[in-house]
Amino acid sequence: MPTGHAVKPGDVGALLIKLPLPPGALPTLWQADERFKQSYLAEYPGYYQTADAGFIDADVATSG
């Protein structure tokens, strides 16, 4: 279950973009406004879910 908190360096987590997005950036899906909201905005309120995953490399996390 997603918690919406940052993960430790080296752990895999969902890539999110903090809202608001710039005007015109990713406004919706073609003829599917509600599906866009459910797919990209509902799970993490206040963030756009990129549907991708990533992690912070331990070297980057300690470089300051």
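First things first, this report covers the structure right here in the doc. Everything numeric here is computed off the predicted structure, so don't read it as measured data. Starting from 1, residues in each chain are numbered consecutively following that chain's sequence as written. Two thresholds apply to this predicted model, a pLDDT of at least 70 for residue-level local features and 80 or more for giving and counting side-chain atom pairs, whereas whole-chain, interface and lining totals are computed over all residues. To get the side-chain values, all heavy atoms of the structure are used, and hydrogens and water are removed first.

Time to look at the overall build of the protein chain. Only runs of H or I of at least four residues qualify as helices and only runs of E of at least two qualify as strands under DSSP, and these elements are numbered from the N terminus. Counting its regular elements, the protein chain contains 2 helices and 2 strands. Listed N to C, the secondary structure of the protein chain is β-α-β-α in terms of helices and strands. Within the protein chain, buried positions represent 9% of all 64 residues. Residue contacts follow a heavy-atom distance rule, with two residues in contact if any of their heavy atoms lie within 4.5 Å. Of all intrachain contacts in the protein chain linking residues separated by at least 6 positions in sequence, the fraction that spans at least 24 positions is 68%. When the accessible surface of the protein chain is split by element, carbon and sulfur atoms take 59% of a total near 5200 Å². Whether a residue is buried, partly exposed or exposed follows from its accessible area with a 1.4 Å probe, protein chains only, as a fraction of its type maximum: under 20%, in between, or over 50%, in that order. Per-residue and other accessible areas follow the Shrake-Rupley method at a 1.4 Å probe size, with only the shown protein chains counted as cover for residues.

To continue, consider the environment of D57. If you trace the backbone, D57 turns up in the loop between β2 (47–54) and α2 (58–62). Sequence separation between D57 and K8 is 49 residues; the distance between their C-alpha atoms is 9.6 Å.

Here we come to the packing of aromatic side chains. Here is the rule: rings of Phe, Tyr and Trp (six-membered ring for Trp) pair when centre to centre is within 6.5 Å. Planes less than 30 degrees apart are stacked, more than 60 are edge-to-face, and the remainder are tilted. This structure, assessed with the given rule, holds 3 aromatic pairs. Pairwise contacts between aromatic rings join F36, Y40 and Y48 into one cluster.

Bringing unusual backbone geometry into the picture now. Cis geometry marks the peptide bond from L19 to P20, where omega comes out at 5°. Within the secondary structure layout, P20 lies in the loop between β1 (13–18) and α1 (33–41). Located in the positive-phi region is Q31, a residue other than glycine, with phi close to 55°. Secondary-structure assignment places Q31 in the loop between β1 and α1. Non-glycine residue A51 carries a positive phi angle of around 65°. For A51, the location among the structural elements is in strand β2. For A51, a relative accessible area of 63% translates into the label exposed.

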